[in-house]
Number of protein chains: 2
Amino acid sequence: MEAARCTQTSAGPPPDEPTRRGAIPLTEDVRAYIERHRGEFVAGLKEWLAVPSISADPARADDVRRSAEWLAAHLTATGFPTVEIWPTGGASPGAQASGAPAVFAEWPAADPDAPTVLVYGHHDVQPVDPVELWDGDPFTPVERDGRIRARGASDDKGQVLFHTLGLRANLAASGAAAPPVTLRLLVEGEEESGSPNFGALLRTHRDRLACDVVVISDTTMWSADTPSMCVGMRGLTDCQIDVHGPEADLHSGSFGGAVPNPAHALAALLAGLHDSDGRVAVPGFYDDVVEVSSAERALIAKLPFDEAAWLRTAGSTAAAGEAGYSTLERVWVRPTAEVNGMWSGHTGAGPKTIVPRSAHAKVSFRLVPDQEPARVQALVREYVAGALPPGLRATVTFAGPGVRPCASDIGSAAVRAARDAMRRAFGTEVLFTREGGSGPEAEIADVLGAPLVFLAVGLDEDRIHAPNESVDVALLLKGAESAAHLWNELAAVLRPGGAAGSP
Amino acid sequence: MEAARCTQTSAGPPPDEPTRRGAIPLTEDVRAYIERHRGEFVAGLKEWLAVPSISADPARADDVRRSAEWLAAHLTATGFPTVEIWPTGGASPGAQASGAPAVFAEWPAADPDAPTVLVYGHHDVQPVDPVELWDGDPFTPVERDGRIRARGASDDKGQVLFHTLGLRANLAASGAAAPPVTLRLLVEGEEESGSPNFGALLRTHRDRLACDVVVISDTTMWSADTPSMCVGMRGLTDCQIDVHGPEADLHSGSFGGAVPNPAHALAALLAGLHDSDGRVAVPGFYDDVVEVSSAERALIAKLPFDEAAWLRTAGSTAAAGEAGYSTLERVWVRPTAEVNGMWSGHTGAGPKTIVPRSAHAKVSFRLVPDQEPARVQALVREYVAGALPPGLRATVTFAGPGVRPCASDIGSAAVRAARDAMRRAFGTEVLFTREGGSGPEAEIADVLGAPLVFLAVGLDEDRIHAPNESVDVALLLKGAESAAHLWNELAAVLRPGGAAGSP
Ligand SMILES: [Zn+2]
Ligand SMILES: [Zn+2]
């Protein structure tokens, strides 16, 4: 019954545009095509944004499915010969899938030796609470001053959709009937819920997702004036540390000063996580850290970073962290240990003179290449065991296997190709950024064994995950333009099954 | 209507006993008198114990008043020429006092140059919950196997009442009509509620309470086989430390490792409270600490301390504390810093990757002579201020002015006199102990400017503050015997207004 919604306003490969069959698209042809199709693109995006695909809300499961169906129909209309909706989370025939569906599409290159590229994005969106802080309904998209306001406009529907416009521009400008690479798309439906079924989905369809490079379109640029490419995301592992001492809280008058106090031991253990230079003092923690290259540091230093403004955003009156690194380096390329919470003994009003029987902390570790969460977990366990005085015992419980860090090799052919594609679209040098946290990206690279390249045009000011999310339409068109160039750039430098990650 | 309860079974100075008017009582005479009056003593104590004088329970206010009236009648019957019930907490004529009443009594010595002694105790008792853990009604005293079980039997009615038996024995054995010292008694009614009005009471009646020495009867001995005298109690001051960082919790992916984390700073600050030798590392903390004498250390070492049994009581598998001191020294004669509680950030289930905006701790300090709570508070404030990195701010809030430590000079004439009195009663060497915590004792010494001597016969096994509190009647009689000898011992060594505290 939602078939009507799936009627596309922008449909099929345009019959009127091919000019030079198979040629490398010219910058001006691509730009002209995209400018001409702005209206169609915006209309399609608004239609998709009207579907409230909130994966975290079980009541929206039907909407998430409708969102997948809209995208599938749009991809078919774009010309993808293969378009499939993949259930997740153990769906059986005839039953409602327990996970939200992903959309898969494939368009083989004409040349059987062409490389294969997988594009990743997601079609689910964040919840909209508090909805009263929005200037209008989050699922009634409004365009104003060149921006579309709606939940998902930037994260991530807008950034998924620029790919179809880019591909059509590529085909129109080259006159080819198929893309210069075999193009695969995987657009998941649970990213904003922590991608609980995504790893299984990747493993199930590993063969069909095989590729030479993964293009991720779900990040941000430095600013509209400073186009940039994300080249890494920190990994994560987090744990709870429980220190146990006497069987029960003890009266400090009778026992204080003569039995080990778990709160003292925990405080010492947490204080010992960092040395006086702000480095993580867990022995072995830096063993596998790949020092960021001087080339990347130089590019990071080129970014027009306003630390005072950043501190205002943080609500902090000072920056602090590992000695020898800038604030951006600290959040992007350096690993951390962070106490997220702690508790022990008496936490209510007034005094209570006890030796508490136990003390607890939540600690998370941000990881950078090539730190492995499993090894860091082992090091943390060793550290805690070695930090305990006699009479206390501790358990360390990790929340799960952790998230591996990921990074692109900035000297690789794939990154250079993507950077060139963006430079052609933006007409200016493209810098590098990283992100301090991460989603499922590292798992894609791990399971598929392919390097990651990030191509995205979101901005901090898009307010993703917040009220009044919006997106700059001109930047989405620049994203489409970049994507239009990217396939030929990649085809020129990649050999299938091979050296995408090498320079 | 409670007059019937106040009829005393033991009444008046016995007419049949004076033998040698004004002589020093002989050990055997005192003992024989006390043995003969055991039945009367026990009957009187049981009568008093039947009054449920729980000061912490507002519903028992009338019972606390009845308890004061019982004691006043008993003191009058003992022969005290002056007996008064003192309201506390701003009572006005005709109105119900808001605090629980104290009982004051005075019996002047015949010799106007005799010294004055003030005996301190309390007539209120602890609550009885959980009452179902008692073997019978807490206020229906039962004597079995030489012990009386009832709330208050040991803490403190039994130990107050042995004084009247002791005084009668003294007078009977000496044949005197008045005690050899001017004897004042102050028995408060709010000790188990933290003595909220006691300081004001002391100040109001400072002149009538003036004395050369204060005898405290509200502590314990090492064991029935090892009579001992408490010679000190640790003081206390406690605070809450609040460390504030960013305005709100921050996402650790975006900000972790680049802004100061209040939980890290608090952990470092708490860890820094102790050095690697377990000493308190707050600068200046030990400046005013009087090192315990080698004589007292030698006597402490004589106590038959079973550390394994003590650890079982503590429910701890190891002892720990300041290097160079034994467990008993650590809890009795050394000051401490103890984290009683702490909390910060996320304390619920699962991970939450934040930089918390604040971190908090409750910290208490046990103090020994001559540490002043006010000075320790200032040192702690300085320490916290100096331990904070830029970008964080902290407040330190003390719960109140704190409790000063107190101690008896073990070389003083008063302590020697009391020890001699106990040795005569017990027939063996009397050792020294201290207590790790304290009540209103230090304030008595401070306000009245008199040294403290502790004369008490409670035991750990009396289970004060717990279900089935009981007391060993034979020890109460030894307490009476000690008290009977104490007044002549003190009269022999004390000069009024003078050198009670000096050897
Ligand atoms: Zn996203
Ligand atoms: Zn008491």
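Quick caveat, the model's predicted, so the values are computed rather than measured. Every chain begins its residue count from 1, and numbering advances along the sequence as written. Starting at A for chains and at 1 for ligands, labels are handed out in the order in which the entities are written. Totals for whole chains, interfaces and linings use all residues, but because this is a predicted model, local features are given only for residues with pLDDT of at least 70 and pairs of side-chain atoms are given and counted only at 80 or more. As a rule here, side-chain values come from all non-hydrogen atoms in the structure, and water together with hydrogens is ignored.

### A closer look at the overall build of chain A
This is how the line gets drawn: In this text, helices come from DSSP runs of H or I with a minimum length of four residues, and strands from runs of E with a minimum of two, each type numbered from the N-terminal end. Computation of the radius of gyration draws on C-alpha atoms alone. For the globule rule, the value is 2.2 Å times the number of residues to the power 0.38. Note on classification: 1.4 Å probe, protein chains only; a residue is buried when its accessible area is under 20% of the maximum for its type, exposed when over 50%, partly exposed between these limits. Per-residue and other accessible areas were derived by the Shrake-Rupley procedure at a 1.4 Å probe size, with only the shown protein chains allowed to occlude residues. Under the counting rule used here, the positive set is Lys and Arg, the negative set is Asp and Glu, and His together with the chain ends is not counted. We put the charge of a Lys on NZ, of an Arg on CZ, of an Asp on CG and of a Glu on CD.
Looking only at helices and strands, chain A has 15 helices and 18 strands in total. A compact globule built from 503 residues should have a C-alpha radius of gyration of about 23 Å, and chain A, at 25 Å, falls within 12% of that. Across the 503 residues in chain A, those meeting the buried criterion constitute 59%. Accessible surface, chain A as shown: approximately 18,300 Å² in total, 51% of it carbon and sulfur. The average position of the 43 basic charges and that of the 65 acidic charges among the side chains of chain A differ by 1 Å.

### Observations regarding the packing of helix H1 (residues 27-36) of chain A against helix H4 (residues 157-174) of chain A
Residue and element names in this part refer to chain A. What counts, and what does not: The convention used is that axes are lines fitted to C-alpha atoms, helices contributing only their stretch in contact, and that angles between N-to-C directions extend from 0 to 180 degrees. Angles below 35 degrees are treated as roughly parallel, those above 145 as roughly antiparallel, those between 65 and 115 as roughly perpendicular, and all remaining angles as oblique. Two helices cross in a left-handed way if the nearer one is turned anticlockwise from the farther one by less than a right angle. They cross in a right-handed way if the turn is clockwise. Only heavy atoms matter for contacts: two residues are in contact if any of them lie within 4.5 Å across the pair. Only Asp, Glu, Lys and Arg are considered charged, only Ala, Val, Leu, Ile, Met, Phe, Trp, Tyr, Cys and Pro nonpolar, and every remaining residue, Gly among them, polar.
Relative to each other, H1 and H4 sit at 130°, their axes nearing to 9 Å. Accordingly, the angle class assigned to the pair H1 and H4 is oblique. Crossing handedness for the pair H1 and H4: right-handed. Where H1 approaches H4, its residues Asp29, Val30, Tyr33 and Ile34 are matched on the opposing element by Leu165, Arg168, Ala169, Ala172 and Ala173. Looking at the contact of H1 with H4 residue by residue, the class counts come to seven nonpolar, no polar and two charged.

### Some remarks on the coordination of the zinc ion (ligand 1)
Residues and elements named next belong to chain A. Selection criterion: In this description, a donor is an N, O or S atom within 2.8 Å of the metal centre, a cutoff extended to 3.2 Å for sodium, potassium and calcium. Water is not part of the atom list, which can make sites seem incomplete. When four donors show all angles between 85 and 135 degrees the site is tetrahedral, when four or six donors have opposite pairs over 155 degrees and all other angles between 65 and 115 it is square planar or octahedral respectively, and in every other case it is irregular.
In the first shell of the zinc ion (ligand 1), the protein supplies His122 (NE2), Asp155 (OD), Asp218 (OD) and Asp218 (OD), at 1.8 to 2.7 Å from the metal. One can describe the donor arrangement at the zinc ion (ligand 1) as irregular, given that its four donor atoms subtend angles of 52 to 145° at the metal. In primary sequence terms, the donor set of the zinc ion (ligand 1) follows H-x32-D-x62-D. With Asp155 in the loop between strand S5 (147-149) and H4 and Asp218 in the loop between strand S7 (213-216) and strand S8 (228-233), this pair connects stretches of sequence that are 63 residues apart. Here the two residues Asp155 and Asp218 agree in accessibility, since each one is buried.

### Examining the relation of the copies chain B and chain A
Which entries qualify depends on this criterion: A least-squares superposition brings the copies together, and it is based on the C-alpha atoms of residues with pLDDT no lower than 70 in both.
Expressed as a screw transformation, the operator carrying chain B onto chain A has a rotation angle of 180° and an axial translation of 0.1 Å, and the superposed copies differ by an RMSD of 0.1 Å. The symmetry that links the two subunits is that of a two-fold axis. Most of the interface of chain B is mirrored in chain A, where 100% of its interface residues are also at the interface.

### A word on the coordination of the zinc ion (ligand 2)
All names here are of chain B. The zinc ion (ligand 2) binds to the protein through His122 (NE2), Asp155 (OD), Asp218 (OD) and Asp218 (OD); the donor distances cover 1.8 to 2.7 Å. In this structure, the zinc ion (ligand 2) is coordinated by four donor atoms arranged in irregular fashion, with angles at the metal of 52 to 146°. Read from N- to C-terminus, the donor residues coordinating the zinc ion (ligand 2) fall into the pattern H-x32-D-x62-D. Taken as a pair, His122 in strand S3 (residues 116-122) and Asp218 in the loop between strand S7 (213-216) and strand S8 (228-233) lie far apart in primary sequence, 96 residues in all.

### What about the sheet that holds strand S1 (residues 82-86) of chain B?
Residue and element names in this part refer to chain B. Spelled out, the test is: DSSP calls a pair of strands paired once it identifies at least 2 bridges connecting them.
The sheet built from six strands is open, its strands ordered S1-S2-S6-S3-S7-S17 with mixed pairing. Looking at the sheet topology across the chains shown, the edges are occupied by S1 and strand S17 (452-454). Across the sheet, the mean angle separating the axes of adjacent strands is 20° when strand polarity is ignored. Relative to strand S6 (residues 182-188), strand S2 (residues 102-107) runs antiparallel, the two being bridged by five bridges. Bridging from a neighbouring strand, Trp107 pairs with Leu183 of S6.

### Concerning the pairing of strand S9 (residues 235-244) of chain B
Consecutive side chains along a regular strand alternate between the two faces of the sheet. Residues and elements named next belong to chain B. The buried fraction of S9 amounts to eight of the 10 residues, a majority that puts the element mostly inside the structure. Sheet topology places S9 next to strand S13 (residues 358-367); 10 bridges connect them, and they run antiparallel. Counterpart to Ile241 in the pairing with S13 is Ala361.

### Topic: the domain arrangement of chain A
Residues and elements named next belong to chain A. Going by this rule: Domain delimitation follows an automatic or database domain assignment. We define buried area as the total accessible area lost by two parts upon association, computed with a 1.4 Å probe and summed across both.
Along its sequence, chain A is carved into domain 1 (45-88 + 98-232 + 405-501) and domain 2 (235-289 + 335-398). The centre of domain 1, based on its C-alpha atoms, is set 40 Å off from the matching centre of domain 2. Domain 1 puts seven residues into the contact, and the matching count from domain 2 is six residues. Summed over both sides, the interface between domain 1 and domain 2 buries roughly 420 Å², with carbon and sulfur atoms accounting for 65% of that surface.

### Focus: the interface of chain B and chain A
Note the following rule: Polar contact is defined as a pair of N or O atoms within 3.5 Å, subject to the rule that within protein one atom must be able to donate a hydrogen and the other to accept it, and that residues adjacent in sequence are counted only when both atoms are side-chain atoms.
Counting residues at the interface gives 70 residues for chain B and 70 residues for chain A. In total, chain B and chain A occlude about 4,800 Å² of area from one another, counting both sides; carbon and sulfur atoms represent 58% of this. Our count for the chain B to chain A interface comes out at 32 residue pairs in polar contact (both at pLDDT 80 or more). Residue classes in the side of chain B that touches chain A are distributed as 31 nonpolar, 30 polar and nine charged. With five bridges connecting them, strand S11 (residues 336-345) of chain A and strand S11 (residues 336-345) of chain B associate as antiparallel partners. Its bridge partner lying in S11 of chain B, Gly341 of chain A is registered against Gly345 of chain B.

### Here's the deal with the sheet that holds strand S5 (residues 147-149) of chain B
All names here are of chain B. Read across the sheet, three strands follow the order S4-S5-S18 without closing on themselves; strand pairing throughout is antiparallel. A strand with exactly one partner marks an edge of an open sheet, and here the two such strands are strand S4 (142-144) and strand S18 (470-472). Pairwise comparison of adjacent strand axes, ignoring direction, gives a mean angle of 25° for this sheet. Pairing of S4 with S5, which is carried by three bridges, proceeds in the antiparallel orientation. Paired with Arg144 across the strands is Arg147, a residue of S5.

### Topic: the side chain of Asn197 of chain A
All names here are of chain A. Following the sequence through the fold, Asn197 ends up in the loop between strand S6 (182-188) and helix H5 (198-204). Within polar-contact distance, the side chain of Asn197 engages the side chain of Glu190 at 2.9 Å. Excluding its chain neighbours within four sequence positions, the residues that come into contact with Asn197 are Thr88, Gly89, Gly99 and Glu190.

### What to know about unusual backbone geometry
All names here are of chain B. Between Asp129 and Pro130 the backbone carries a cis peptide bond, its omega angle lying at -5°. In the Ramachandran plot, Asp145 falls in the positive-phi region, its phi being about 50° despite a non-glycine side chain. Even without being a glycine, Arg463 presents a positive backbone phi close to 55°. For Arg463, the position within the fold is in the loop between S17 and S18. In this structure Arg463 comes out as partly exposed when scored by relative accessible area, which is 43%.

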